[in-house]
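As a plain string of letters, each chain reads:
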Amino acid sequence: MNTMILKIVPGGAFVENTYILQSKNSKELILVDPGSQTLEIEESLSDLSFTSIHIWNTHGHLDHAYGADYFIKKYKADFNIHKKEIPILQAMTTAASRFGIPEFSDAVVPEIDSFIEEERQYEVGNLNFKTLLVPGHSPGSICFHFTRELNPEEGLEEDLMICGDTVFAGSVGRVDLTGGTNMEELLGNITKKILTLKESTILFPGHGPRTTVEIEKESNPFLSGMFNG
Ligand SMILES: [Zn+2]
Ligand SMILES: [Zn+2]
């Protein structure tokens, strides 16, 4: 049922990953974290057939939400984010002037259509996923957990998780940016909520390459020591 197209569009000053997801039997698609690389995202959209876009954000930092307003206006996309990210989104314009990067100078705070609830199963455009709240990098950081069918006849499937700026390949999110709390909270939440998933789960972070739960459990220097007993 979840025969899924997944495209990764890295770009912008912070080389942020925007994700495009679409079920092969739906005309609706999900855009996760549209950053400032709107041209590259448009290019990736151009070979897909769709009638509507739903934006689901992992969190509200500038590099993940800058493009939202563009897609809301151009495609009448709806915008969904956790309630605790409201102050982070509202800080977008001040963050933009603080960084002083030209591509962010005209940042517009996107209008929110609905709030994402944690630990909930959603179905959007024929895709099913579960939301996990993993605070630390920001108070309402959400991960989206999908199961993708590989070979329906044999019942083969794989688990994918879009994990925003919580955990990266060999690293973890910063806690000193807008809305960040502390490293202990972040590491505790990653350990409890992400590293307990199936080891083969593929993690798709907000920056950098994909990884797996197994790899991060074994070799992430921030998380090593958590599994020594
Ligand atoms: Zn962030
Ligand atoms: Zn980021």
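Only a predicted model underlies this, so the values are computations on that prediction, with no experimental measurement involved. (Residues numbered from 1 in each chain as written. Chains lettered and ligands numbered in written order. Predicted model: local features only at pLDDT ≥ 70, side-chain atom pairs only at ≥ 80, totals over all residues. Heavy atoms only, no water.)

Novice: Give me the lowdown on the packing of aromatic side chains, citing residues and values where you can.
Specialist: How two aromatic rings sit relative to each other is set out by the distance from centre to centre and by the angle between their planes. A full pass over the atoms with the stated rule returns 13 aromatic pairs. Taking 5.8 Å as the distance between ring centres and 75° as the angle between the ring planes, the aromatic pair formed by tyrosine 19 and phenylalanine 204 counts as edge-to-face. Of this pair, tyrosine 19 sits in strand E2 (residues 16-23) while phenylalanine 204 sits in strand E13 (residues 202-205), placing them 185 residues apart in sequence. Each member of the pair, tyrosine 19 together with phenylalanine 204, is buried. Following the ring pairs from residue to residue traces out a cluster consisting of Trp56, Tyr122, Phe129, Phe144 and Phe146. (Phe/Tyr/Trp six-rings, centres within 6.5 Å; stacked < 30°, edge-to-face > 60°. Helix = DSSP H or I, 4+ residues; strand = E, 2+ residues; numbered from the N terminus. Buried < 20%, exposed > 50% of the residue type's maximum accessible area, 1.4 Å probe, protein only.)

Novice: How would you explain the coordination of the zinc ion (ligand 2) if you had to name every residue and give the values?
Specialist: The zinc ion (ligand 2) binds to the protein through Asp63 (OD), His64 (NE2), Asp165 (OD) and His207 (NE2); the donor distances cover 2.1 to 2.6 Å. Coordination at the zinc ion (ligand 2) is irregular, judged from the four donor atoms that bind it and the angles of 85 to 157° they form at the metal. Counting gaps between the donor residues of the zinc ion (ligand 2) yields the pattern D-H-x100-D-x41-H. Classification of aspartate 63 by relative accessible area gives buried; the value is 12%. (Donors = N, O, S within 2.8 Å, 3.2 Å for Na, K, Ca; no water. Tetrahedral: all angles 85-135°; square planar, octahedral: opposite > 155°, others 65-115°.)

Novice: So what about the pairing of strand E4 (residues 52-56)? Which residues, and what values?
Specialist: Burial within E4 is extensive, with four of its five residues counted as buried. Where strand E3 (residues 28-32) and E4 come together, five bridges link them in parallel fashion. Across the sheet, residue isoleucine 30 finds its bridge partner in E4, namely histidine 54. Across three bridges, E4 lies against strand E5 (residues 78-81) in parallel orientation. Across the sheet, the residue bridging to tryptophan 56 is asparagine 80, located in E5. (Pairing = 2+ DSSP bridges.)

Novice: Outline the nonpolar core, supporting the account with residue identities and numerical values.
Specialist: Soluble, globular proteins show a tendency: their nonpolar side chains are buried together. Counting 24 residues, the largest nonpolar core has Ile20, Leu45, Ile53, Ile55 and Leu62 as its most contacted members. Broken down by secondary-structure element, the contributors of at least two residues to this core are E3, helix H1 (38-45), E4, helix H2 (62-65), helix H3 (68-75), E5 and helix H5 (92-99). When sequence neighbours within four positions are dropped, the list of residues in contact with leucine 45 reads Ile20, Leu29, Phe50, Ile53, Phe71 and Tyr75. Membership of the second largest hydrophobic core comes to 19 residues, among which are Tyr122, Phe129, Leu133 and Phe144. (Core = buried A, V, L, I, M, F, W, Y, C linked by side-chain atoms within 4.5 Å. Contact = heavy atoms within 4.5 Å.)

Novice: How would you sum up the packing of H1 against H3? Please name residues and give values.
Specialist: Where H1 contacts H3, the axes come no closer than 11 Å and their chain directions differ by 45°. With respect to their mutual orientation, H1 and H3 come out oblique. Between H1 and H3 lies a crossing of right-handed hand. Only Tyr70, Phe71, Lys74 and Tyr75 of H3 make contact with H1, whose side of the interface consists of Thr38, Ile41, Glu42 and Leu45. Its residues placed into classes, the contact of H1 with H3 shows five nonpolar, one polar and two charged. (Axes fitted to C-alpha atoms, helices over the stretch in contact; angles between N-to-C directions. Parallel < 35°, antiparallel > 145°, perpendicular 65-115°, else oblique. Left-handed = near helix turned anticlockwise from the far one by under 90°. Nonpolar A, V, L, I, M, F, W, Y, C, P; charged D, E, K, R; others polar.)

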